[in-house]
Amino acid sequence: VGDTWEQLSFAENDVIEIALAPSTQEIFAIACGRTGLCEPYRLSGENWTLLQNGVQGLNVNRLLSTENGMLAATSSGLHRFDDKRQEWVLIGAGGREVLSLTASTSCDLAIAGQGFAMRSSTCGDTWQEIPLENWAYQTICYLGAKGDLLLIGSRENGAFVLPSH
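Computed from a predicted model, the values in this text were never measured in an experiment.

**Here's the deal with the overall build of the protein chain**
Next, step 1: Regarding its fold elements, the protein chain presents 0 helices and 15 strands.
Next, step 2: The C-alpha radius of gyration computed for the protein chain amounts to 16 Å, which stays within 12% of the reference 15 Å derived for 165 residues, consistent with globular compactness.
Next, step 3: Overall, the protein chain is about 45 × 35 × 30 Å in size when its C-alpha atoms are taken along their principal axes.
Next, step 4: Partitioning the contacts of the protein chain with sequence separation of at least 6, the portion at a separation of at least 24 is 29%.
Next, step 5: For the protein chain, the accessible area works out to roughly 9000 Å², and carbon and sulfur atoms hold 48% of it.

**Here's the deal with the state of the cysteines**
Next, step 1: For the structure on display, the rule yields 2 disulfides.
Next, step 2: Through a disulfide, cysteine 32 is tied to cysteine 38; the S-S separation comes to 2.0 Å. Classification of the bridge connecting cysteine 32 and cysteine 38 rests on its S-S torsion, roughly 105°, and on that basis the disulfide is right-handed.
Next, step 3: One disulfide bridge connects cysteine 107 with cysteine 123, the sulfur atoms lying 1.6 Å from each other. A residue pair is termed long-range when its members are at least 10 positions apart, and cysteine 107 in the loop between β9 (98-103) and β10 (109-113) and cysteine 123 in the loop between β11 (116-120) and β12 (128-130) qualify at 16 residues.
Next, step 4: Judged by relative accessible area, cysteine 123 falls into the buried class, the value being 17%.

**Quick word on the pairing of strand β15 (residues 158-163)**
Next, step 1: In this structure, strand β14 (residues 149-154) lies alongside β15, joined through 6 bridges in antiparallel fashion. Across the sheet, isoleucine 152 pairs through a bridge with phenylalanine 160, a residue of β15.
Next, step 2: As consecutive antiparallel partners, β14 and β15 are separated by 3 residues.

**A word on the environment of arginine 155**
Next, step 1: Position of arginine 155 among the secondary structure elements: in the loop between β14 and β15.
Next, step 2: Exposure remark for arginine 155: the relative accessible area of 55% places this residue in the exposed category.
Next, step 3: Separated by 63 residues in the primary sequence, arginine 155 and glycine 92 have C-alpha atoms spaced 23 Å apart.
Next, step 4: Residues contacting arginine 155, with those up to four places away along its chain left out, are Ala136 and Gln138.
Next, step 5: There is a polar contact of 3.4 Å between the side chain of arginine 155 and the side chain of glutamine 138.

**Description of the environment of isoleucine 91**
Next, step 1: Mapping isoleucine 91 onto the fold places it in strand β8 (residues 87-92).
Next, step 2: Since its relative accessible area comes to 16%, isoleucine 91 is described here as buried.
Next, step 3: A C-alpha to C-alpha distance of 20 Å links isoleucine 91 and tyrosine 142, two positions 51 residues apart in sequence.
Next, step 4: With sequence-adjacent residues up to four places away left out, isoleucine 91 is seen in contact with Leu71, Leu78, His79, Arg80, Cys123, Gly124 and Trp127.

**Some thoughts on the side chain of aspartate 108**
Next, step 1: With respect to the helices and strands, the residue aspartate 108 is situated in the loop between β9 and β10.
Next, step 2: Despite its burial, aspartate 108 pairs with no opposite charge; the closest candidate is arginine 119, at 8.9 Å N-O.
Next, step 3: Among all residues touching aspartate 108, those that are not within four sequence positions of it are Thr102, Ala103, Ser120, Ser121 and Tyr142.

The rules behind the values
- Residues numbered from 1 in each chain as written.
- Predicted model: local features only at pLDDT ≥ 70, side-chain atom pairs only at ≥ 80, totals over all residues.
- Heavy atoms only, no water.
- Helix = DSSP H or I, 4+ residues; strand = E, 2+ residues; numbered from the N terminus.
- Rg over C-alpha atoms; globule rule 2.2 N^0.38 Å.
- Contact = heavy atoms within 4.5 Å.
- Areas by Shrake-Rupley, 256 points an atom, 1.4 Å probe, with all protein chains shown as cover.
- Disulfide = S-S within 2.5 Å.
- Buried < 20%, exposed > 50% of the residue type's maximum accessible area, 1.4 Å probe, protein only.
- Pairing = 2+ DSSP bridges.
- Polar contact = N/O pair within 3.5 Å; in protein donor to acceptor, adjacent residues only side chain to side chain.
- Lys, Arg positive; Asp, Glu negative; His and termini not counted.
- Salt bridge = Lys/Arg side-chain N within 4 Å of Asp/Glu carboxyl O.

Rendered as structure tokens:
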């Protein structure tokens, strides 16, 4: 690569996210284009495959690769990609727009969106809502050696540090 760049695809699209699945070494991407939606793709060989089963008609805002699979923050919840069924499965925040997601371990997850933040210590099986103001929380991450703090950034009023448990 070095000084030579080779375009892979998506010439007429905005690519807003790229993630590598560690278990399979597959590359996932979110591309926004002609349909007006941002949609998930996976690089299969030399071709990008649209992966819309389970998220068809939804905007995909973010991807996060964990040991338990690829996660997608969408305009209607948090989804995990099921390799066997080749589809996205809703695991949290159904009907709510998830703008950001993070993990401190493969099972300690946190998500944020318009007016809410949630966390799970059960790989997404159960969720606890974090009471917050009704702002757009566009970024979230774990801090501390053991992921004991959450840093949340809002569009309207800056950043906040919260205990994660």
